[in-house]
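# Structural characterization, general
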Amino acid sequence: MALSLVSSVSYIKSSNQFHCCFSLRKERLEFDRLLLWSSHKKNHSSIRFSKRTFSQRFVVKMSASTLPMNLGKAKKVWIWTECKEVMTVAVERGWNTFIFSSDNRELSDEWSSIALMDTLFIEEKKVIDGTGNVVASVFEVSTPEELRNLKIENELAENIVLDFLDWKSIPAENLVAALQGSEKTVFAISNTPSEAKLFLEALEHGLGGIILKSEDVKAVLDLKEYFDKRNEESDTLSLTEATITRVLMVGMGDRVCVDLCSLMRPGEGLLVGSFARGLFLVHSECLESNYIESRPFRVNAGPVHAYVAVPGGKTCYLSELRTGREVIVVDQKGKQRTAVVGRVKIEKRPLILVEAKLSAKEEETVFSIILQNAETVALVTPHQVNSSGKTAVPVTSLKPGDQVLIRLQGGARHTGIEIQEFIVEN
């Protein structure tokens, strides 16, 4: 999996102090496509450097924040605001390119004296930099006909800015489809993070960037949170092999089935465990069974008390999952992605306790999970199971000595957030 690395450092001068803000991004160049449901049935299976002079000595690298997408191109973000608080929050989070109206150069000069930034000015049908060079061409689009008649490849500028007078009349999918194959970087002006998300994700590819036009600090914070969640997908989680030491029937309990809005492939599942210190990779129901047809969107995850991994390095209880909440889907190699919960079912079912250790030492920490005692419930293994090619073992076949995968992490948690605290869990 190819990765590109982008880093940025921002400095803000306030009174007599400088505040340094560092950001680091790993961008994944492509996502694997999900297998279609039918396949389960059939196969079973610029950066620019601002040149200004300050009395203080410091060096700052300007950067645009990026979002990993299928095309492997960095998604750019420009900020259009007249609010100083919005500017400060944006710079602190690594967004350093700001747009001003052509008659607002005084504000541009004021802000440039307290934060090193890349300043652009929007005029009729173009965006220029401080020296008058055309950075982007601007088009107002209000109807589908105007979109179809766009000839952006005829423009000399390498960036295109689209201003939708009524973006709801032109679905984001239609926009991306009309501009696919273009060598230009296309920006859409967005007033809210939700609008920006539509433009960035439409048809999996999205546009090359967005211009967030807002006077609301929360809009910047929400957009940054969205970027952070998506950037998590470029990180591979470290999974550890553990050896099953005990399998025991424990009676009845309330079991949680998690149905996602995404299909899962063989080897993928959710990280679940009785203790946050070690989460087991519970396989989805995408594999064929002699008892029931596959459900590649479902994970029979465990009882209501169990922890499940969610974005942001957090956990929550399975009983807390709701429609619309996000969870982390992980595969056998630790590759992760986010998925939206579509439905949660809690039903009373027979349960089985599974315990594992990293080694056979008596004092070794015990990791445990409770699952429904059913053939369709399985744990992901480090290697293929025999010659079957399957990557998971049903709990009904699990026995001491079998190898499974777990995710090791800090055990102490407060509202799902890992904390440094002494804790004993049994």
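Residues numbered from 1 in each chain as written. Predicted model: local features only at pLDDT ≥ 70, side-chain atom pairs only at ≥ 80, totals over all residues. Heavy atoms only, no water.

## Thoughts on the overall build of the protein
What the protein contains, in helices and strands, is seven helices and 24 strands. Across the 426 residues that make up the protein, the buried fraction comes to 49%. Here the protein has roughly 20900 Å² of accessible surface; of this, 50% comes from carbon and sulfur atoms. (Helix = DSSP H or I, 4+ residues; strand = E, 2+ residues; numbered from the N terminus. Buried < 20%, exposed > 50% of the residue type's maximum accessible area, 1.4 Å probe, protein only. Areas by Shrake-Rupley, 256 points an atom, 1.4 Å probe, with all protein chains shown as cover.)

## A look at helix H3 (residues 105-112)
Of all the positions in H3, only Leu 107, Ser 108, Trp 111 and Ser 112 are classed as buried. Each buried residue of H3 sits inside an arc of 130° when the element is viewed along its axis, so together they form one side. Next to the buried residues of H3 lie helix H2 (84-92), strand E4 (97-101) and strand E5 (118-123). (Arc of directions from axis to C-beta. Contact = heavy atoms within 4.5 Å.)

## Let's talk about the sheet that holds E4
Pairing in this closed barrel of eight strands is mixed, and the strands run E3-E4-E5-E6-E7-E8-E9-E10 around the ring. For this sheet, the mean inter-axis angle between neighbouring strands, taken without regard to orientation, is 30°. By the bridge criterion, five bridges tie E4 to E5 in an arrangement that is parallel. Across the sheet, residue Thr 97 finds its bridge partner in E5, namely Asp 118. (Pairing = 2+ DSSP bridges. Axes fitted to C-alpha atoms, helices over the stretch in contact; angles between N-to-C directions.)

## A look at the pattern of salt bridges
Applying the stated criterion across every chain yields a total of 11 salt bridges. Between Arg 337 and Glu 268 there is a salt bridge; the shortest N-O distance is 2.9 Å. Residue Arg 337 is located in strand E18 (residues 336-357), and its partner Glu 268 is located in the loop between strand E11 (240-260) and strand E12 (269-275); the two are separated by 69 residues in the primary sequence. Given a relative accessible area of 15%, Arg 337 falls into the buried group. (Salt bridge = Lys/Arg side-chain N within 4 Å of Asp/Glu carboxyl O.)

## With respect to the environment of Ile 160
Tracing the sequence through the fold places Ile 160 in strand E8 (residues 159-164). Taking relative accessible area as the criterion, Ile 160 reaches 0% and is therefore assigned buried. Placed 25 residues apart in sequence, Ile 160 and Val 135 show a C-alpha to C-alpha distance of 8.7 Å. Once residues within four sequence positions are removed from consideration, Ile 160 is found in contact with Ala 136, Ser 137, Phe 139, Ile 152, Glu 155, Lys 184, Thr 185, Val 186 and Phe 187.

## A short note on the nonpolar core
Leu 162 and Leu 223 are the most contacted members of the largest nonpolar core, which has 42 residues in total. One finds Ala 301, Ala 306, Val 310 and Leu 379 within the second-largest nonpolar core, a separate group that totals 36 residues. (Core = buried A, V, L, I, M, F, W, Y, C linked by side-chain atoms within 4.5 Å.)

## What about the pairing of strand E7 (residues 134-141)?
Successive residues of a regular strand alternate their side chains across the two faces of the sheet. Burial within E7 is extensive, with six of its eight residues counted as buried. Across three bridges, strand E6 (residues 126-129) lies against E7 in antiparallel orientation. Considered in E7, the bridge of Lys 126 is made with Ser 137. Counting the residues in the hairpin turn of E6 and E7 gives four residues, including Gly 132, whose phi is positive at 95°. With six bridges connecting them, E7 and E8 associate as parallel partners. Among the inter-strand pairings, Phe 139 is bridged to a residue of E8, identified as Leu 162.

## Looking at the packing of aromatic side chains
Throughout the structure, instances matching the rule amount to seven aromatic pairs. Considering the side-chain rings of Trp 95 and Phe 227, the 5.5 Å spacing of their centres and the 75° angle between planes classify their relative orientation as edge-to-face. Taken together, the residues span a long stretch of sequence, with Trp 95 in the loop between H2 and E4 and Phe 227 in helix H7 (residues 217-232) at a distance of 132 residues. Phe 227 shares its class with Trp 95; the two are buried. Between Tyr 226 and Phe 227, the aromatic rings sit 5.9 Å apart at their centres with planes inclined by 75°, giving edge-to-face as the arrangement. Each member of the pair, Tyr 226 as well as Phe 227, is classed as buried. Lying over the aromatic face of Phe 121, Arg 105 brings its terminal NZ or CZ to 4.0 Å of the ring centre. Sitting above the plane of the Trp 80 ring, Lys 213 keeps its charged end 4.0 Å from the centroid. (Phe/Tyr/Trp six-rings, centres within 6.5 Å; stacked < 30°, edge-to-face > 60°. Lys NZ or Arg CZ within 6 Å of the ring centre and 35° of its normal.)

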